[in-house]
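Below are the chains, spelled out letter by letter.
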Amino acid sequence: MSILQGKKIILGLTGSIAAYKSVFLLRLLQKAGAEVRVCTTPSVSEFVGELTLSGLTGEKVFSGIWEENWSEHVEWGNWADLFIVAPLTANTLAKMAHGLCDNALTAVYLAARCPVMVAPAMDVDMYRHPRTQANIKILSQDGVQVLPTGSGYLASGLQGPGRMMEPEEILTQVEQFFGPQPLQGKKVLISAGPTREAIDPVRFISNRSTGKMGYALAEEAQALGAEVVLVSGPTSLAPPAGVNLLAVESAQQMFEAVVGEQPTDIVIMAAAVADYTPAEVADEKIKKKEGDMAIPLQRTQDILRYLGGKKPAGQILVGFAMETQHELENAQKKLEAKNLDFVVLNSLREKGAGFGHNTNKITLLSKQHPPQTFDLKSKREVAKDIFSGILTLI
């Protein structure tokens, strides 16, 4: 059962272009079992329609304080277990910091008896302004949990801090808030993404891994309270907030990073590590010549086999098996040969599974139980299934 099952959450939206993300956050909270109500400032209707929000919650959106039930904000303030404002604009941030109350959202904030969490969203110069930073400090001193912003391209075209934290990351923060966290005090190392094996300064050998599965596992491990180290090959993904990212490129660098972080309570090797690397790397770009070219390859260090051979008592070691034939047989051999506790089997024959997708379909193999096959799910949901298995050994 999700830690959010039955939790009562108010989701507050303010007038930011990032409000569209809150529709996804609303669905994530509901799928996790939370009961969600929505309140908004008047300008939200310029970005997201009330019909969308009320249709998803099954309840009227609280957007005006001059309606029939003038004391509705009091009831809402007593109802919730958590009040999340996402996105939080600079304007509403200032109102909350100084106790102003001129709309439904600020009225609910002042009446709320529950903890409050906010996810700022604004342009880079507004976010960096001394008054905005002072208002953030005031909210934090009042006990409000102010989530960090992301950095990247903003609606204005500028680049920098001020992006609202992504819905999946906010969900992780909410899950951490409620607890209990079964991996509290545990260190979890997760590898993700491909490796690149250099041929020369320009070319390399790699694979189709995007890192999405490993990053979803890192988010879930953090939500469960773990200290998370993410050893990642080259990807286009932003690491989850609060995760210790170790960026690597080659299989050898990944090996050194993983081994350097031992001892670790749980190791999940979700990376697609190259099995072979060029025996020699050219110092200069190899020029095109007449005829074919052969590149001698040599085996890379088998990280899973190394870890399995040195696995300390109590450590949980998980590997992935990407197969195209004899899937179960090959995965079972990997489980035994590398001294693993679990193998997560992916088959490239399954539509929507494997590299590049936001979904995955897995079979979980362990030494204790028969193989368990799951339906096609989002990779975050798959991560939950994997950790459900891991938690049986904690």
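As the structure is a prediction and not an experimental result, all values here were calculated from the model.

### Focus on helix H1 (residues 19-31)
Residues lying three or four places apart along an α-helix face the same way, a consequence of the helix completing one turn every 3.6 residues. Spanning 13 residues, H1 covers 19 Å between terminal C-alpha atoms, matching the ideal 18 Å at 1.5 Å per step. Two residues or fewer after H1 comes Gly33, characterised by a positive phi angle close to 105 degrees.

### Observations concerning the packing of aromatic side chains
Tallied over the entire structure, the rule returns 3 aromatic pairs. With centroids separated by 4.8 Å and ring planes inclined at 80 degrees, the aromatic side chains of Phe177 and Phe178 adopt a geometry described as edge-to-face. Exposure remark for Phe177: the relative accessible area of 31% places this residue in the partly exposed category. Judged by centre distance (5.0 Å) and plane angle (80 degrees), the rings of Phe255 and Tyr306 are edge-to-face. Taken together, the residues span a long stretch of sequence, with Phe255 in helix H10 (residues 251-260) and Tyr306 in helix H11 (residues 303-309) at a distance of 51 residues. Owing to a relative accessible area of 28%, Tyr306 belongs among the partly exposed residues under this scheme. Here Arg37 stacks its cationic end above the ring of Trp76, 5.3 Å away from the centre of that ring. Positioned over the ring face of Tyr276 is Arg299, at 5.6 Å from the centre of the ring.

### A word on the sheet that holds strand E2 (residues 35-40)
Taking strand neighbours across the sheet as the criterion, the 5 strands line up as E2-E1-E3-E4-E5 in an open arrangement whose pairing is parallel. Two strands in the sheet have a free side with no partner beyond their single neighbour: E2 and strand E5 (145-146). Pairing between strand E3 (residues 82-88) and strand E4 (residues 116-120): 4 bridges, direction parallel. Counted as the bridge partner of Val85 is Val118 from E4.

About the criteria used
- Residues numbered from 1 in each chain as written.
- Predicted model: local features only at pLDDT ≥ 70, side-chain atom pairs only at ≥ 80, totals over all residues.
- Heavy atoms only, no water.
- Helix = DSSP H or I, 4+ residues; strand = E, 2+ residues; numbered from the N terminus.
- Expected span 1.5 Å × (residues − 1).
- Phe/Tyr/Trp six-rings, centres within 6.5 Å; stacked < 30°, edge-to-face > 60°.
- Buried < 20%, exposed > 50% of the residue type's maximum accessible area, 1.4 Å probe, protein only.
- Lys NZ or Arg CZ within 6 Å of the ring centre and 35° of its normal.
- Pairing = 2+ DSSP bridges.

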